[in-house]
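The primary structure of each chain is shown beneath.
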Amino acid sequence: MSIHVTIEPSILYFGTPVVLLSTENPDGSFNLAPMSSAWALGKTIVLGIGRAGQTARNLAERPDLVINLPAAYQWEAVERLAPLTGRDPVPASKPDGCRFEPDKFGAAGLHAAPSDGVRPPRVVECPLQFEARAVSVRADASGSFVIAEAVVSKVHADPRLVVPGTNHVDPGAWSPLIYTFRHYFGLGPELGHSYRSETRPEQRGSVVGMGQEAAETALVVEERAAGPVHVGLGDQADDHDVVADPRSVVRQADQVR
Ligand SMILES: Cc1cc2nc3c(=O)[nH]c(=O)nc-3n(C[C@H](O)[C@H](O)[C@H](O)COP(=O)(O)O)c2cc1C
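Residues numbered from 1 in each chain as written. Predicted model: local features only at pLDDT ≥ 70, side-chain atom pairs only at ≥ 80, totals over all residues.

S.K.: For this particular structure, what's the right way to read the overall build of the protein?
M.R.: Counting secondary structure elements, the protein contains five helices and 15 strands. Counting across all 257 residues of the protein, residues that qualify as buried make up 37%. Summarising the internal contacts of the protein: among those between residues at least 6 apart in sequence, 64% fall at separations of at least 24. (Helix = DSSP H or I, 4+ residues; strand = E, 2+ residues; numbered from the N terminus. Buried ≥ 20, exposed ≤ 12 C-beta atoms within 10 Å, placed from the backbone. Contact = placed C-beta atoms within 7 Å.)

Laid out in structure tokens, this is it:
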């Protein structure tokens, strides 16, 4: 017999990673918005975006974007963006306290770096940055959201997250920020791995954690001699992993400012 109770929660955000979407505004400036309805299908990231916001409008007209992934310790910068919209005037459907902010990067204390193949900039401080293009932006069934499918063309990674000599993100070093029922969490210790893992401890060598202490140095990426690594995207695998061809590893310094 079940001991569960039935409840009617106001939201069903059960815990997904936070991304910061940078998109281009009509006047050529750039918007930055936190989203947690994001998940990967191969090289495509599926995004659920409120229809009334500036991000949805931008993507419908200018489909380039960068999907920036903040680390867990960066939750306060994310929360500084939470009450802001790039839309002026603020739509009535936005929650109380929401205000227009034309400079979201500045408001969050984050910095923009040029992307290689898309117009919106990357967020320097985010350890992972996916350049992408929305190939489909359509209304969801409720009419309140749009569902965007964004195909990733280039991945920029903090070198400390990359298993040396490979295109693999080290899951022991990467610490995503998880948004669950409107609260921020990081991950706990690793419990195990898929039988398809290509980054088992014996395969990834020394593990450098991306916790607060590592973050102190990771934050100012532009001060490092070596910039983020470009991780090549390989042929599509038959599950949700983005598996890159190890032969296509390209390590080069980014032009970041
Ligand atoms: C951690 C976090 C996660 C969020 N996730 C989403 C989301 O998945 N989809 C969405 O439409 N809004 C989400 N929001 C709310 C948007 O960030 C908010 O509506 C913002 O005003 C959008 O900015 P824009 O109008 O400039 O696009 C989230 C906010 C926070 C702080």
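S.K.: Explain the nonpolar core here, please?
M.R.: Generally speaking, a soluble globular protein has its nonpolar side chains buried in company with each other. Core analysis: the biggest nonpolar cluster contains 47 residues, and Leu-65, Ile-67 and Ala-150 have the highest contact counts within it. Here the element with the most residues in this core is strand S12 (residues 145-157); it accounts for five residues. (Core = buried A, V, L, I, M, F, W, Y, C linked by C-beta atoms within 7 Å.)

S.K.: What is the right way to read the site of the ligand from this model?
M.R.: In the vicinity of the ligand, 21 residues are found, and the nearest of them are Ser-37, Gly-50, Gly-53, Thr-55 and Gly-86. Its residues assigned to classes, the shell around the ligand comprises 10 nonpolar, 10 polar and one charged. (Near = placed C-beta within 6 Å. Nonpolar A, V, L, I, M, F, W, Y, C, P; charged D, E, K, R; others polar.)

S.K.: Would you explain the sheet that holds strand S1 (residues 16-17) in this entry?
M.R.: Two modes of strand pairing occur in sheets, parallel and antiparallel, and in both the strands are linked by backbone hydrogen bonds. A sheet is described by the order of its strands in space; here three strands give the open sequence S1-S13-S14, paired in antiparallel fashion. Of all the strands in the sheet, the pair left with one neighbour each is S1 and strand S14 (183-185). The pairing of S1 with strand S13 (residues 178-180) spans two bridges and is antiparallel. Of the residues in S13, the one forming a bridge with Pro-17 is Ile-178. (Pairing = 2+ DSSP bridges.)

S.K.: How should the environment of Pro-102 be read in this particular structure?
M.R.: Here Pro-102 shows up in the loop between strand S8 (99-100) and helix H3 (104-108). Taking the number of C-beta atoms within 10 Å as the measure of exposure, Pro-102 has 14 and is therefore partly exposed. Residues Pro-102 and Thr-85, spaced 17 residues apart in sequence, show a C-alpha to C-alpha distance of 8.1 Å.

S.K.: What am I meant to see in helix H1 (residues 54-61) here?
M.R.: Side chains that are three or four residues apart share a direction in an α-helix, a result of its 3.6 residues per turn. Counting buried positions along H1 gives six out of eight residues, so the element sits mostly inside the fold. Of all the positions in H1, only Gln-54, Thr-55, Ala-56, Arg-57, Asn-58 and Leu-59 are classed as buried.

S.K.: Got a minute to help me understand the pairing of strand S6 (residues 64-69) in this structure?
M.R.: For a regular strand, the rule is simple: side chains alternate between the two faces of the sheet. With respect to burial, S6 is a largely interior element, six of its six residues being buried. Taking every second residue as pointing to the same face, both faces of S6 are buried, with Asp-64, Val-66 and Asn-68 on one and Leu-65, Ile-67 and Leu-69 on the other. In this structure, strand S2 (residues 19-24) lies alongside S6, joined through three bridges in antiparallel fashion. Bridge pairing links Leu-21 to Ile-67 in S6. In the sheet, S6 pairs with strand S11 (residues 128-139) via six bridges, with the strands oriented antiparallel. Following the sheet pairing, Asp-64 is matched in S11 by Arg-133.

S.K.: Looking at this model, I keep getting lost on unusual backbone geometry. Mind explaining?
M.R.: Negative phi is the rule for most residues except glycine; trans is the rule for most peptide bonds. Put simply, Asp-88 and Pro-89 share a cis peptide bond, and its omega is 0°. Mapped onto the elements of the fold, Pro-89 is located in the loop between strand S7 (84-85) and S8. Backbone geometry places Phe-181, a non-glycine residue, at a positive phi of 50°. With respect to the element layout, Phe-181 can be found in the loop between S13 and S14.

S.K.: Could you clarify how one ought to interpret the environment of Met-35 in this entry?
M.R.: Positionally, Met-35 belongs in strand S3 (residues 30-35). The class for Met-35 is buried, based on 21 C-beta atoms found within 10 Å. With residues near it in sequence (within four places) discarded, Met-35 still touches Val-19, Leu-21, Leu-47 and Ile-49.

S.K.: Before we go on, may I ask you to explain the confidence of the model for the protein in this structure?
M.R.: One rule of thumb: low pLDDT means the predicted coordinates there are not for detailed reading. On average, residues of the protein score 86 in pLDDT, and 79% of them reach the 70 mark or higher. Element-level mean pLDDT values for the protein span from 51 in helix H5 (residues 212-218) up to 99 in S6. Here residues 217-227 is modelled with pLDDT under 50, and outside its nearest four sequence neighbours on either side it reaches 19 contacts, counting other chains as well. Counting contacts from residues 240-257, a segment whose pLDDT is below 50, to residues more than four positions away or on other chains yields 44 contacts. (pLDDT = per-residue confidence, 0-100.)

S.K.: In this structure, what is going on with the pairing of S3? I would like to understand it.
M.R.: Burial runs high along S3: six of the six residues are buried. Judged by which residues are buried, S3 turns out to be covered on both faces: Phe-30, Leu-32 and Pro-34 on one side and Asn-31, Ala-33 and Met-35 on the other are all buried. The pairing of S2 with S3 spans six bridges and is antiparallel. The residue of S3 that forms the bridge with Leu-21 is Ala-33. The antiparallel pairing of S2 with S3 creates a hairpin that spans five residues between the two strands, and Gly-28 there sits at a positive phi of about 90°.

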